[in-house]
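Listed below, chain by chain, are the residues.
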Protein chains: 2
Amino acid sequence: MKPVNVGLCGLGTVGRGTLSVMQRNMQDINRRSGRPVRITHVGARRDNPSCDLTGIKVSRDIFEVARDPEVDVVVELIGGYEPAKQLVLEAIAHGKHVVTANKALIAVHGNELFRAAEEKGVKIAYEASVAGGIPIIKALREGLVANDIQWLAGIINGTGNFILTEMKEKGRSFDDVLAEAQALGYAEADPTFDVEGIDAAHKLTILASIAFGIPLQFDRVYTEGISKITQADVQFAEELGYRIKHLGLARKSRQGVELRVHPTLIPEKRLIANVNGVLNAVLVEGDAVGPTMYYGRGAGSEPTASAVIADIVDVARSIGADNGVPHLGFSDFSTNIDVLDMGEVETCYYLRISAQDKIGVMANIAQIVSRHNINIEAIIQKEPRDNEDTVPLILLTHKVIEKNVVAAIQEIEGLAEVTVPVTRIRMERLDG
Amino acid sequence: MKPVNVGLCGLGTVGRGTLSVMQRNMQDINRRSGRPVRITHVGARRDNPSCDLTGIKVSRDIFEVARDPEVDVVVELIGGYEPAKQLVLEAIAHGKHVVTANKALIAVHGNELFRAAEEKGVKIAYEASVAGGIPIIKALREGLVANDIQWLAGIINGTGNFILTEMKEKGRSFDDVLAEAQALGYAEADPTFDVEGIDAAHKLTILASIAFGIPLQFDRVYTEGISKITQADVQFAEELGYRIKHLGLARKSRQGVELRVHPTLIPEKRLIANVNGVLNAVLVEGDAVGPTMYYGRGAGSEPTASAVIADIVDVARSIGADNGVPHLGFSDFSTNIDVLDMGEVETCYYLRISAQDKIGVMANIAQIVSRHNINIEAIIQKEPRDNEDTVPLILLTHKVIEKNVVAAIQEIEGLAEVTVPVTRIRMERLDG
């Protein structure tokens, strides 16, 4: 059968990995594709001395790859919004399929790009954009098609999970571990995308669209990072039988769809609570299949390359199909499901209140909580720590609407005996 | 687009689930397929009162479904070798695609059936045959195509995992838990397929073929069940930081491919060691992606239906493709990889020896072990139990060729002080 010619744009970490895995496993990849798949053209502003480009045409201008008449599939591995978006549009305009690992591009411009691809009858594949080498897009978009997906919850940022794991296992502070993660190259010099949850929100946007058949709506994701998690909260969570994980959560209820990224207490018995270090995992609850989980390396040169190459082979295998897999899993969007405002979301809460150790404080707090229809599952009052005249008071709530909790916190913070802000971390059972 | 008409054969547990999920989620399934997918013909020897067959043609003779000119896809859910095999061949002869959940049929007759399908240009899809609703076939055959798969290890029999979990968590005996599993309907009246590992061997055969590009070779799988696992071993394993799980293992080495199903000690820290109850999980190690794991319900009406319907939609989406996904992942078999005899397999071992508490016994055993080139990682000698004049002696070995261990055990059992057979359980680190 006619070979599939691949044009690769970008020779950074993932580009290098893609080239190297393609070259190393070429024979088996071709046996699996059923036709030869080969990189014929590379576009990169500069050479990468660790790449073997023998027999491959090289262009300094990536747009030459998109215009190369010999190329069937353009692989975009340059990252960022521009010129990545122009490159993808140019490739589509020239009738080429596109493979990308660019989560930001898909989450923010995906609706427009997919429309352009559909008009031209080409595919944009983006498995590598979420959870690196874990085939989670494929699982959701193909493996679980029978299901009405109820919810999904993912550890989808390796840097954040590394930081929380180190804080829990070694008792270290957030700042200390972040500095190490930066030194190890896990976190960028500007760690905002990782620790403030933006990277996870990009990925959650994509997963939720596929799960629920809704358009990509990155600007509707509630996003909260892990930079305010303290060692005290990590320890209290552990005492209570929970772990704190930074989760991307998408849930469908009668009221609408919840899209949220935030630190979350989850029961330590859950398998996903034991996913540690830079590893990623996504737990998906379908009405027919029940819970399923997908685990592996969510970043890195070769894990990401694994997903990029799987997409290339998918394109090669589906050439000629009347129909194929829709870009976001559904052939049309559901227009009757709204994204809920965070205030309307119902979940459980961990509240840590530092109060002066005076008679009546507890009663005041209990009254406020009860006035806002918040049912308490557990209360723990700790001894004052050395040198402190306040006692930490931990409340675990039953399910309640977020805006009620926000209002209660505001009142609690207004009490004379409460002098520091209340810590609020959401809590999920993840049990169906 | 033209609808896809499905003929469903068998209205048992999985047939009922398939019908019910198709009916419940019809609208979304059609939005995902991009064309209507509908069950038009059911073949079943008798009615199932919990099935709504309104508007569906019903035949008592399943072969009428295979010959129905209106049917595009025949779903075989009757199980067993015959008449399932004849039904599949008849469907293929009539140019229909086939979806099956029948692991025994695929493991034993798959090579022949796939050949027949390829000659007719139709597909046989069998996601439901391994690990129920977990899309593990799809992950291996499509999601991980870039990888040279090093090994995979799966908890792929829910009944076996339920029994081992109960033994560990509640200190119960094998026979006791098995009786309960039978009462609960998890285990068949004849539990041999589950507890002696035959069911797991069927599934491992399929996974190994896809992972390594080798023909299905069920008769080459080394198969050992869990019926000899005692409460003592479960407890010793726990003390040593391990869990006993019944694993299907496939590994590629320079010498050949290992295909084996047996109880296995694995470090309790591994995520897969914490997969409990009837749940399934498969851990796959690829050279590019590293470790990935897939977890969920491996059996049951709707979890299995989830995989059956995913296959139907896959068929609907791939109609017209020049090429598609090869049945076993590779377009041709590798003929130069042999399956190793179990005696040639290299792994670690847990040996439990009951020896009379006499001077010199330990020295004798140590000499035997050393003569067979077995390096010991740990030795534990326990106090004699009440009413027993023997002491349990636990040896954990480093990696060694199985035939050396077999020879050493034979000699140890020949010692006058050793009056009961040595218990031998293999041990795997599963760390890459």
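Rules behind the numbers
Each residue is numbered by its place in its chain's sequence as written, counting from 1. Each chain takes a letter, starting from A, and each ligand takes a number, starting from 1, following the order in which they are written. At least 70 in pLDDT is required for a residue's local features to be given in this predicted model, at least 80 for side-chain atom pairs to be given and counted, and no such filter applies to totals for whole chains, interfaces and linings, which use all residues. Excluded from the side-chain calculation are hydrogens and water; included are all heavy atoms of the structure. Only protein chains enter the accessibility calculation, which uses a 1.4 Å probe. A residue is then buried if its area is under 20% of the maximum for its type, exposed if over 50%, and partly exposed in between. A helix here means a DSSP run of H or I that spans at least four residues, while a strand means a run of E at least two residues long, and both kinds are numbered starting from the N terminus. By definition, residues are in contact when any of their heavy atoms lie within 4.5 Å. Criterion for a salt bridge: a side-chain nitrogen of Lys or Arg within 4 Å of a carboxyl oxygen of Asp or Glu. For this analysis, a ring pair means two rings from Phe, Tyr or Trp (six-membered ring only for Trp) whose centres lie within 6.5 Å, classed as stacked if their planes differ by under 30 degrees, edge-to-face if by over 60, and tilted for the remaining angles. Here, two cysteine sulfur atoms that lie within 2.5 Å of each other are counted as a disulfide. As a working definition, buried area equals the accessible area (1.4 Å probe) given up by two parts on being put together, with both sides summed. Pairs of N or O atoms are called polar contacts if they sit within 3.5 Å, as long as, within protein, a hydrogen donor faces a hydrogen acceptor (for residues adjacent in sequence, only side-chain-to-side-chain pairs). Basically, the charged four are Asp, Glu, Lys and Arg, the nonpolar ten are Ala, Val, Leu, Ile, Met, Phe, Trp, Tyr, Cys and Pro, and anything else, Gly included, counts as polar. Think of it this way: DSSP has to see at least two bridges between two strands before they count as a pair. Here the limits of each domain have been adopted from an automatic or database domain assignment. Between N-to-C directions, angles span 0 to 180 degrees; the directions come from axes that are lines fitted to C-alpha atoms, helices contributing only their stretch in contact. UniProt positions are given in the numbering used here, feature names are shortened, and annotations may be inferred rather than shown by experiment. Within the patch definition used here, like charges are joined within 9 Å and nonpolar side chains (Val, Leu, Ile, Met, Phe, Trp, Tyr) within 5 Å, considering only residues with over 30% relative accessible area and no salt bridge. All accessible-area figures derive from a Shrake-Rupley calculation using a 1.4 Å probe, and residue coverage is judged against the displayed protein chains alone. Our angle categories are set so that under 35 degrees counts as roughly parallel, over 145 as roughly antiparallel, 65 to 115 as roughly perpendicular, and the remainder as oblique. Rotating anticlockwise by less than a right angle from the far helix to the near helix defines a left-handed crossing, while the corresponding clockwise rotation defines a right-handed one.

Enquirer: How would you sum up helix H11 (residues 231-239) of chain B? Please name residues and give values.
Expert: It helps to recall that an α-helix has 3.6 residues per turn; residues three or four apart then point in one direction. Residue and element names in this part refer to chain B. For H11, every residue scored as buried is listed here: Gln231, Ala232, Asp233, Val234, Phe236 and Ala237. In this structure, the buried residues of H11 make contact with helix H7 (158-170), strand S9 (242-252), strand S10 (257-267), strand S13 (346-356), strand S15 (390-397) and strand S17 (423-427). Looking one or two residues past H11, Gly241 carries a phi angle of roughly 90°, positive in sign.

Enquirer: Go over the pattern of salt bridges, please, and point to the residues and values.
Expert: For side chains of opposite charge, pairing can occur when their charged atoms come near one another. Residue and element names in this part refer to chain B. If you walk through the whole model with that rule in mind, you get 67 salt bridges over all chains. Between Lys252 and Asp148 there is a salt bridge whose closest N-O contact spans 2.7 Å. Residue Lys252 is located in strand S9, and its partner Asp148 is located in the loop between helix H6 (136-143) and strand S7 (149-155); the two are separated by 104 residues in the primary sequence. Using a relative accessible area of 23% as the deciding quantity, one classes Asp148 as partly exposed.

Enquirer: Please provide a residue-by-residue account of the packing of aromatic side chains, values included.
Expert: All names here are of chain A. One pass over the structure, following the stated rule, counts three aromatic pairs over all chains. With centroids separated by 5.4 Å and ring planes inclined at 35°, the aromatic side chains of Phe114 and Tyr126 adopt a geometry described as tilted. Separated by twelve residues along the polypeptide, Phe114 in helix H5 (residues 103-120) and Tyr126 in the loop between strand S6 (124-125) and helix H6 (136-143) bring together distant segments of the chain. Among the residues examined, Tyr126 registers a relative accessible area of 1% and is labelled buried.

Enquirer: Tell me about the state of the cysteines, residues and numbers included.
Expert: Applying the stated criterion across every chain, the model contains zero disulfides over all chains. B:Cys9 supplies the cysteine sulfur nearest to B:Cys51, a cysteine that is in no disulfide, at a spacing of 14 Å.

Enquirer: Explain the environment of A:Phe193 to me, and be specific about the residues and the numbers.
Expert: All names here are of chain A. Tracing the sequence through the fold places Phe193 in helix H9 (residues 192-195). A C-alpha to C-alpha distance of 24 Å links Phe193 and Ile124, two positions 69 residues apart in sequence. What Phe193 contacts, discounting residues up to four positions off in sequence, is Ile198, Asp199 and His202.

Enquirer: Pulling in residues and values, what's your account of the interface of chain A and chain B?
Expert: With 66 residues of chain A in contact, the opposing surface of chain B contributes 66 residues. Roughly 5300 Å² is buried in total at the junction of chain A and chain B, and carbon and sulfur atoms are behind 52% of that figure. Considering only the side of chain A, the residues that lose the most area to chain B are A:Arg31, A:Arg32 and A:Arg317, jointly responsible for 17% of the buried surface there. A salt bridge links B:Glu142 to A:Lys138; its shortest N-O distance comes to 2.6 Å. Applying the counting rule to chain A against chain B returns 30 residue pairs in polar contact (both at pLDDT 80 or more). At the level of secondary structure, the elements contributing two or more residues to the side of chain A that touches chain B comprise helix H1 (13-24), helix H2 (26-33), H6, helix H10 (198-212), strand S12 (290-297) and helix H12 (301-318) of chain A. With ten residues, H12(A) is the largest single contributor of residues to the side of chain A that touches chain B. Here the side of chain A that touches chain B is built from residues that sort into 30 nonpolar, 20 polar and 16 charged.

Enquirer: Can you lay out the pairing of S10(B) for me, pointing to particular residues and giving the numbers?
Expert: Residue and element names in this part refer to chain B. Across the eleven residues that make up S10, a large majority, eleven, are buried. Sheet analysis places S9 next to S10, joined by eleven bridges and oriented antiparallel. Paired with Tyr242 across the two strands is Pro267, which belongs to S10. If you look at the hairpin formed by S9 and S10, you'll find four residues sitting between the two strands, and Gly256 has a positive phi there, around 155°.

Enquirer: Please give an account of the domain arrangement of chain A that cites residues and values.
Expert: All names here are of chain A. The domain architecture assigned to chain A consists of domain 1 (4-133 + 301-318), domain 2 (142-296) and domain 3 (345-427). Domain 2 and domain 3 are separated by 25 Å when their C-alpha centres are compared. Of the residues lining the interface, 17 residues belong to domain 2; the matching set on domain 3 comes to 17 residues. For domain 2, the biggest contributors to the area lost against domain 3 are Phe236, Leu240 and Leu265; these three give 37% of the whole. The interface formed by domain 2 and domain 3 includes three salt bridges.

Enquirer: Could you give an account of the sheet that holds strand S1 (residues 4-9) of chain A, with specific residues and numbers?
Expert: Residues and elements named next belong to chain A. Reading across the sheet, the six strands line up as S3-S2-S1-S4-S5-S6 and stay open at both edges, with parallel pairing between neighbours. Sheet topology places strand S3 (57-59) and S6 at the edges, where each strand pairs with a single neighbour. Helix H4 (residues 84-93) contacts S1, strand S4 (73-76), strand S5 (97-100) and S6 of the sheet and is inclined by roughly 175° relative to S4. Relative to the sheet, H12 contacts S1, strand S2 (37-43), S4, S5 and S6, its axis offset from that of S5 by approximately 160°.

Enquirer: Describe the pairing of S1(A), with residues and values.
Expert: All names here are of chain A. Buried residues dominate S1, accounting for six of its six residues. A two-sided burial pattern is seen for S1, the buried positions comprising Val4, Val6 and Leu8 on one face and Asn5, Gly7 and Cys9 on the other. The pairing of S1 with S2 spans six bridges and is classified as parallel. By the bridge assignment for S2, Leu8 is matched with Val42. As paired elements, S1 and S4 share four bridges and run parallel to each other. Residue pairing for S4: Val6 is matched across the bridge by Val73.

Enquirer: Before we move on, could you go through the UniProt feature "binding site: NADPH" (unreviewed entry) in chain A and cite the residues and values that matter?
Expert: Feature annotation in UniProt places "binding site: NADPH" (unreviewed entry) on A:Lys103, given in this structure's numbering. Within the secondary structure layout, A:Lys103 lies in helix H5.

Enquirer: Just give me the short version of the UniProt feature "active site" (unreviewed entry) in chain A, but keep the residues and values in it.
Expert: Residues and elements named next belong to chain A. This chain's UniProt record puts "active site" (unreviewed entry) on Lys203. Secondary-structure assignment places Lys203 in helix H10. Dropping the residues within four chain positions of it, Lys203 is found in contact with Lys103, Ser129, Val130, Ala131, Ile156 and Asn157. Separated by 2.7 Å, the side chain of Lys203 and the backbone oxygen of Ile156 make a polar contact.

Enquirer: Could you give an account of a nonpolar patch on the surface, with specific residues and numbers?
Expert: Residues and elements named next belong to chain B. A cluster of nonpolar side chains, namely Leu184, Tyr186 and Val278, defines an oily patch on the protein surface of about 240 Å² accessible area. Checked against the element boundaries, Tyr186 lands in the loop between helix H8 (174-184) and helix H9 (192-195). With relative accessibility at 36%, the residue Tyr186 sits in the partly exposed group.

Enquirer: Can you lay out the packing of H6(A) against H6(B) for me, pointing to particular residues and giving the numbers?
Expert: Where H6(A) meets H6(B), the closest approach of the two axes is 10 Å, and the angle between their N-to-C directions is 125°. With respect to each other, H6(A) and H6(B) are oriented oblique. Both H6(A) and H6(B) take part in a crossing whose hand is right-handed. Judged by residue contacts, A:Lys138, A:Glu142 and A:Gly143 of H6(A) engage B:Lys138, B:Glu142 and B:Gly143 from H6(B). Class assignment for the residues of the contact of H6(A) with H6(B) results in no nonpolar, two polar and four charged.

Enquirer: Can you explain the sheet that holds strand S2 (residues 37-43) of chain B? Please cite residues and give values.
Expert: Within a beta sheet, neighbouring strands are joined by backbone hydrogen bonds and run either parallel or antiparallel to one another. Residues and elements named next belong to chain B. Read from one edge of the open sheet, six strands run S3-S2-S1-S4-S5-S6, paired in parallel fashion. Either end of the sheet is taken by a strand with one partner, and the two such strands are strand S3 (57-59) and strand S6 (124-125). Here three bridges tie S2 to S3, and the two strands are oriented parallel to one another. Bridge pairing in S3 places His41 opposite Lys57. Across the sheet, helix H4 (residues 84-93) lies against strand S1 (4-9), strand S4 (73-76), strand S5 (97-100) and S6, angled at about 175° from S4, the strand it touches most.

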